[in-house]
There are 2 protein chains.
Amino acid sequence: MHSETICSIATPNGTGAIAIIRISGEKSFEAAKKISFSKKLSKALEGHLNRGLEFVQIKDENDIIDECLLAWFRSPHSYTGEDSVEIYCHGSYYIQKTILELLLKHDIRLAKAGEFTMRAFANGKMDLLQAEAVADIIASNTQAAHNVAMNQMRGGFSSDLQKLRTQLIDFSALIELELDFSEEDIEFADRTQMTNVLKNIKSELLKLKESFSLGNVIKNGIPVAIVGKPNVGKSTLLNALLNEERAIVSNIPGTTRDALEDVVIMNGISFRFIDTAGLRKTDDTIENLGIDITYKKIEQADIVLYIVDINKTSFDEISEELSDFRQNISNPDKKFIVIANKIDLLNQTPSHFKDFVNIETIFMSAKRKENIQELKDILVNSAKMDINSENTVLTNIRHFESLQKAEQAIENIFEAFKNKIPTDLIAIDVKDCLYHIGSITGEVTSNDVLDAIFSRFCIGK
Amino acid sequence: MHSETICSIATPNGTGAIAIIRISGEKSFEAAKKISFSKKLSKALEGHLNRGLEFVQIKDENDIIDECLLAWFRSPHSYTGEDSVEIYCHGSYYIQKTILELLLKHDIRLAKAGEFTMRAFANGKMDLLQAEAVADIIASNTQAAHNVAMNQMRGGFSSDLQKLRTQLIDFSALIELELDFSEEDIEFADRTQMTNVLKNIKSELLKLKESFSLGNVIKNGIPVAIVGKPNVGKSTLLNALLNEERAIVSNIPGTTRDALEDVVIMNGISFRFIDTAGLRKTDDTIENLGIDITYKKIEQADIVLYIVDINKTSFDEISEELSDFRQNISNPDKKFIVIANKIDLLNQTPSHFKDFVNIETIFMSAKRKENIQELKDILVNSAKMDINSENTVLTNIRHFESLQKAEQAIENIFEAFKNKIPTDLIAIDVKDCLYHIGSITGEVTSNDVLDAIFSRFCIGK
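Residues numbered from 1 in each chain as written. Chains lettered and ligands numbered in written order. Predicted model: local features only at pLDDT ≥ 70, side-chain atom pairs only at ≥ 80, totals over all residues. Heavy atoms only, no water.

As for the relation of the copies chain B and chain A
It takes a turn of 180 degrees to lay chain B on chain A, together with a shift of 0.1 Å along the axis; the resulting RMSD is 0.2 Å. The two molecules are tied by a two-fold rotation axis, judged by turn and shift. Closest approach to the rotation axis among the C-alpha atoms of chain B is made by Pro 12 of chain B, whose C-alpha sits 2.8 Å away. When you check the interface residues of chain B against chain A, 100% turn up at the interface there too, and the contact is symmetric in its surfaces. (Least-squares fit on C-alpha atoms with pLDDT ≥ 70 in both. Contact = heavy atoms within 4.5 Å.)

This is the structure we're talking about:
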């Protein structure tokens, strides 16, 4: 199927002690021999073992490029299922580049993003769900995201879908049974059993679908809106939270940072802080437009940090401000935390503040980082996510949409039952449902879908 | 000797398809068993093979951290000479971090920079020269730098020094022979043989020492000064050269870029471009100070690009300018190239310009990148460095200084011969010379020297 042999650097971009160059395809072993001139390796490759590790010199004619370890994997005992070779070379820019160039000379081409995993999928080493999980695993910055992806890679989600599939096929058998008798024009009066099977399938589908909102939070971080009038210390608070964790944040590649959002990982949970424009009453149309956007952002947030400058606001004003603010928010279940900021400028802590506004309040100084740990504890506790690698959690919009279509097909069957639609039409909905579930694991798929999926992989995977 | 077991990420920093975690020391195998719970691995480790490769699950109790390949190397058949393990895991931030944390739990500590190679040296797997070459190989961006470091790692330099050592020991034997007879108070009148051996040693030492200037150029790039009056297009030229090669430059980690110097690799040769302050006659003390600095920088350069704006300068002026400039340069062997810039603003090319100034001239437009390839060709051709991996080239100031001290000891012996100094005093100089040569390969060394050497390594090597 895949006649071309591919190669790629598989380690992170840059210079390091060791780099890995990966080769997969029919010509892998031949290339390994040609660039290493190692009799021991040649002998091993011609032997009967499924894999091995040799110390070799990588040479271009007489030029020694490196002395390094080389691992080989005989088809189908490799990641891709094809003959594969991994070279563990010194991680210099020059060596990485030169070995790749050498392989290109030997009729091997550079792999596209995700091409190794795509071949693993094509060769039946994993289904599409597992293949997608590989990219998720590599992108995981937190334990929750990692566990969800690991469950998916190990086939947890696939086996959930397999169960659904089995139930659907059972259901299909019952439908076929009806069809066999359909010429006799008898309709089964009692569809209790069928309805029960269907209800079961629907409830499983819903459970999976519902996990998507959690999955979204795990993947993109818990959205926390930072709200308040201008100059109450919103940016200072964000910086205080970011600074504390800068070492962690800067270590995570791929952390998206635009002007408005910052991701901070605290206790292994990622929080997506949304800095919002200042809120104030105004008649200016354009400014009101900005405030509308702010409210939309707040609607998306799970947690709202409402900051006030405790020195510049009377308790009455704060109370009114908050009540105004909450009237504009549609979801009353959102967690509100009032940040009574700038206590460094106060002479004494106003202890009755909390009772007054009847909301969880933290008295703090964002500037001096006073009580910032208290805020962090509250955030972490309100976001407890007990995800272990046994749970299936949807994180992918493609899966969500397919499940949604599968659910629609189930709804159609319920409707058909109600409206006494002919059984052969119901059979079409069953097939439809199976199709959408099959599209998740890749049993049915198109090249466009595959291209879209694998293009988000990194090179070398 | 080294009771502690160490671990480290060995691949470049960041996220990628695969990362390598390296473990070395007595507890490596035990730790590998503890974090993988693999019966197959345990059996393999208890077997008789020197190395092996297993597919394992990395687990923290019941949490699966990753499914990956694990290679093991039995002492002394490893890089360090100790029992060693390499884990080839998925290259996510979370997995890399979590496996390291798991190892720390099992009483393994993080390796210091260069500690794996330091152990390889301590366990006699390589001498100090070879160990130092490992860091040089990783830092190599060009073929020349790579070949020099590869020769050193493969023991080329060590064997040159071994030859010197043998000659010195032969010489020492002749000295001892004299000493045996010294009680009889006879001095050997004919020291021709000894002098010849000594001359040989000295010439070898000088050859090695002389290679240092080439080594320096290979390691740090060929210094090229860009000189000219203000606004003739110096920065535009530099940017044109940089832009053309940006893809390459940005791929090379560790490329030093300060305000004044930029390294560009062209045809595998690195050029260090030194942008200098504009030159003009002035009475201002401070400005003259700046011009002094400029001239010092020009003295360091091997090649000088002298730029003029061809539209604003008459041929007479250019001629005078150049003659002024060259009077201020002490080394007349420097390569001069005149860049007649801004030809895009000219109506016709002044063809007699070249004869007039009697210097290699390139008519170009830095802005439009016209004729920039011509300049690049001239630079590359004037810098042909035919370094293959058989040549020993000194790139390290430590080696240079030790050779200088060894040479001084040889000079002392010549002096002693001349002044008829007693043979037992000459024997001290011979020992001194042997000591300095031994300090290069690490036969004699101090902890301070070792610390200084290995601290410049990257983590994981």
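A few points about the interface of chain B and chain A
With 54 residues of chain B at the contact, the number on the chain A side is 54 residues. Approximately 4500 Å² of surface area, both sides summed, lies buried where chain B meets chain A, with 62% of it carried by carbon and sulfur atoms. It is Pro 12, Tyr 93 and Tyr 94 of chain B that lose the most area in chain B upon contact with chain A, and together they represent 15% of the buried surface on that side. There are 4 salt bridges connecting chain B and chain A. (Buried area = accessible area lost by both parts, 1.4 Å probe. Salt bridge = Lys/Arg side-chain N within 4 Å of Asp/Glu carboxyl O.)

Things to note about the packing of helix α4 (residues 115-122) of chain B against helix α17 (residues 447-454) of chain B
Residue and element names in this part refer to chain B. Closest axis-to-axis distance for the α4/α17 pair is 10 Å, and the angle between their directions is 140 degrees. With respect to each other, α4 and α17 are oriented oblique. As for how α4 packs across α17, the hand of that crossing is right-handed. For the pair α4 and α17, the contacting residues are Thr 117, Met 118 and Phe 121 in the first and Leu 450, Asp 451 and Phe 454 in the second. (Axes fitted to C-alpha atoms, helices over the stretch in contact; angles between N-to-C directions. Helix = DSSP H or I, 4+ residues; strand = E, 2+ residues; numbered from the N terminus. Parallel < 35°, antiparallel > 145°, perpendicular 65-115°, else oblique. Left-handed = near helix turned anticlockwise from the far one by under 90°.)

Focus on the pattern of salt bridges
Throughout the structure, instances matching the rule amount to 46 salt bridges over all chains. Across the pair Arg 51 of chain A and Glu 54 of chain B runs a salt bridge whose closest N-O atoms are separated by 3.4 Å. Of this pair, Arg 51 of chain A sits in strand β3 (residues 51-60) while Glu 54 of chain B sits in strand β3 (residues 51-60), placing the two residues on different chains. Accessibility expressed as a relative area gives 11% for Glu 54 of chain B, which makes it buried. Look at the salt bridges and you will find they share partners, linking Glu 4, Glu 82, Arg 109, Glu 115 and Arg 119 of chain A into a network. (Buried < 20%, exposed > 50% of the residue type's maximum accessible area, 1.4 Å probe, protein only.)

What to know about a nonpolar patch on the surface
Residue and element names in this part refer to chain A. A cluster of nonpolar side chains, contributed by Ile 421, Leu 425 and Ile 428, occupies part of the molecular surface with about 250 Å² of accessible area. Tracing the chain through its elements places Leu 425 in helix α16 (residues 423-441). In this structure Leu 425 comes out as partly exposed when scored by relative accessible area, which is 44%. (Patch = residues over 30% accessible without salt bridge, like charges linked within 9 Å, V, L, I, M, F, W, Y side chains within 5 Å. Areas by Shrake-Rupley, 256 points an atom, 1.4 Å probe, with all protein chains shown as cover.)

What about the environment of Ser 38 of chain A?
Residue and element names in this part refer to chain A. Within the secondary structure, Ser 38 sits in the loop between α1 (28-36) and α2 (39-46). Note on Ser 38: relative accessible area 12%, which makes it buried. Between the C-alpha atoms of Ser 38 and Gln 57, which are 19 residues apart in sequence, the distance is 7.6 Å. A polar contact of 3.0 Å, which involves the side chain of Ser 38, links it to the backbone nitrogen of Leu 41. (Polar contact = N/O pair within 3.5 Å; in protein donor to acceptor, adjacent residues only side chain to side chain.)

Comments concerning the sheet that holds strand β4 (residues 63-73) of chain A
The mixed open sheet is built from 6 strands, whose spatial order is β3-β4-β5-β2-β1-β6 (chain A). The sheet terminates laterally at β3 and β6 (109-110) of chain A, the two strands that pair on one side only. Judged from the 4 bridges that link them, strand β1 (residues 6-9) of chain A and strand β2 (residues 16-24) of chain A form a sheet pairing that is antiparallel. Bridging across to β2 of chain A, Cys 7 of chain A finds its partner in Ile 23 of chain A. Together, β2 and β5 (84-91) of chain A form the strand contacts of helix α5 (residues 128-139) of chain B, whose direction differs from that of β5 of chain A by roughly 110 degrees. (Pairing = 2+ DSSP bridges.)

Description of unusual backbone geometry
Between Ser 75 of chain A and the following residue, Pro 76 of chain A, the backbone shows a cis peptide bond with an omega angle of 0 degrees. Of note in the backbone geometry, Phe 37 of chain A takes a positive phi value of approximately 50 degrees without being a glycine. By the element assignment, Phe 37 of chain A lies in the loop between α1 and α2. For Lys 420 of chain B, which is not glycine, the phi torsion reads 50 degrees and is therefore positive. Positionally, Lys 420 of chain B belongs in the loop between α15 (397-418) and α16 (423-441).

Describing the sheet that holds strand β11 (residues 335-341) of chain A
Residue and element names in this part refer to chain A. An order of β8-β9-β7-β10-β11-β12 is seen for the 6 strands of this open sheet, with the pairing classed as mixed. Unpaired on one side and paired on the other, β8 (261-266) and β12 (361-363) mark the two borders of the sheet. Taken pair by pair, the neighbouring strands of this sheet meet at an average axis angle of 25 degrees, ignoring direction. Pairing of strand β7 (residues 222-228) with strand β9 (residues 269-275), which is carried by 5 bridges, proceeds in the parallel orientation.

Some words on the pairing of strand β10 (residues 303-309) of chain B
In summary, the side chains of a regular strand alternate between the two faces of the sheet. Residue and element names in this part refer to chain B. Counting buried positions over the 7 residues of β10 gives 7, a clear majority of the element. The side-chain alternation of β10 yields two buried faces, one formed by Ile 303, Leu 305, Ile 307 and Asp 309 and the other by Val 304, Tyr 306 and Val 308. Summarising the sheet, strand β7 (residues 222-228) and β10 pair through 5 bridges and their orientation is parallel. By the bridge assignment for β10, Val 227 is matched with Tyr 306.

Comments concerning the packing of α5 of chain B against α16 of chain B
Residues and elements named next belong to chain B. It is at 5 Å that the axes of α5 and α16 come closest, and there the two elements cross at 40 degrees. Regarding the angle of α5 to α16, the classification is oblique. Counted together, Leu 128, Leu 129 and Glu 132 of α5 and Ser 439, Ile 440 and Thr 441 of α16 form the full contact between these two elements. Looking at the contact of α5 with α16 residue by residue, the classes come out as 3 nonpolar, 2 polar and 1 charged. (Nonpolar A, V, L, I, M, F, W, Y, C, P; charged D, E, K, R; others polar.)

With respect to the confidence of the model for chain A
All names here are of chain A. Overall, the prediction assigns chain A a mean pLDDT of 84, with 86% of residues at 70 or greater. The element-level mean pLDDT for chain A is lowest in helix α10 (residues 246-251), coming to 34, with β5 highest at 97. Residue range residues 245-259 is modelled with pLDDT below 50. Its contacts to residues more than four positions away, or to other chains, number 24 contacts. (pLDDT = per-residue confidence, 0-100.)

Things to note about α5 of chain B
Residue and element names in this part refer to chain B. The end-to-end C-alpha separation of α5 is 17 Å, in line with the 16 Å expected for 12 residues at 1.5 Å each. Extensive coverage of α5 is indicated by the burial of 11 of its 12 residues. Between the side-chain oxygen of the N-cap and the backbone nitrogen of Leu 129 there are 3.0 Å, and the N-cap of α5 in question is Asp 127. (Expected span 1.5 Å × (residues − 1).)

Let's talk about the side chain of Ser 24 of chain B
Following the sequence through the fold, Ser 24 of chain B ends up in strand β2 (residues 16-24). Leave out the neighbours within four places in its chain, and Ser 24 of chain B touches Glu 4, Thr 5, Ile 6, Thr 80, Glu 82, Asp 83, Ser 84, Phe 116 and Arg 119 of chain B.

So, the pairing of β3 of chain B
All names here are of chain B. In this sheet, strand β4 (residues 63-73) lies alongside β3 in antiparallel orientation, the contact comprising 10 bridges. Residue pairing in the sheet places Arg 51 in a bridge with Phe 73 of β4. Between β3 and the antiparallel strand that follows it, β4, lie 2 residues; Glu 61 among them carries a positive phi value of about 55 degrees.

Notes on the packing of aromatic side chains
All names here are of chain A. As enumerated under the stated definition, the model contains 11 aromatic pairs over all chains in all. On the basis of an interplanar angle of 35 degrees and a centroid distance of 6.3 Å, the ring pair of Phe 171 and Phe 417 is categorised as tilted. Remark: Phe 417 occurs in helix α15 (residues 397-418) and Phe 171 occurs in helix α7 (residues 156-182); sequence separation between them is 246 residues. Each member of the pair, Phe 171 as well as Phe 417, carries the same accessibility label: buried. Each ring, one from Phe 454 and one from Phe 457, has its centre 5.1 Å from the other, and the planes form 35 degrees; the classification is tilted. By the burial criterion, Phe 454 is buried, and Phe 457 matches it. Cation over ring: Arg 22 sits above Phe 116, and NZ or CZ is 5.1 Å from the ring centre. (Phe/Tyr/Trp six-rings, centres within 6.5 Å; stacked < 30°, edge-to-face > 60°. Lys NZ or Arg CZ within 6 Å of the ring centre and 35° of its normal.)

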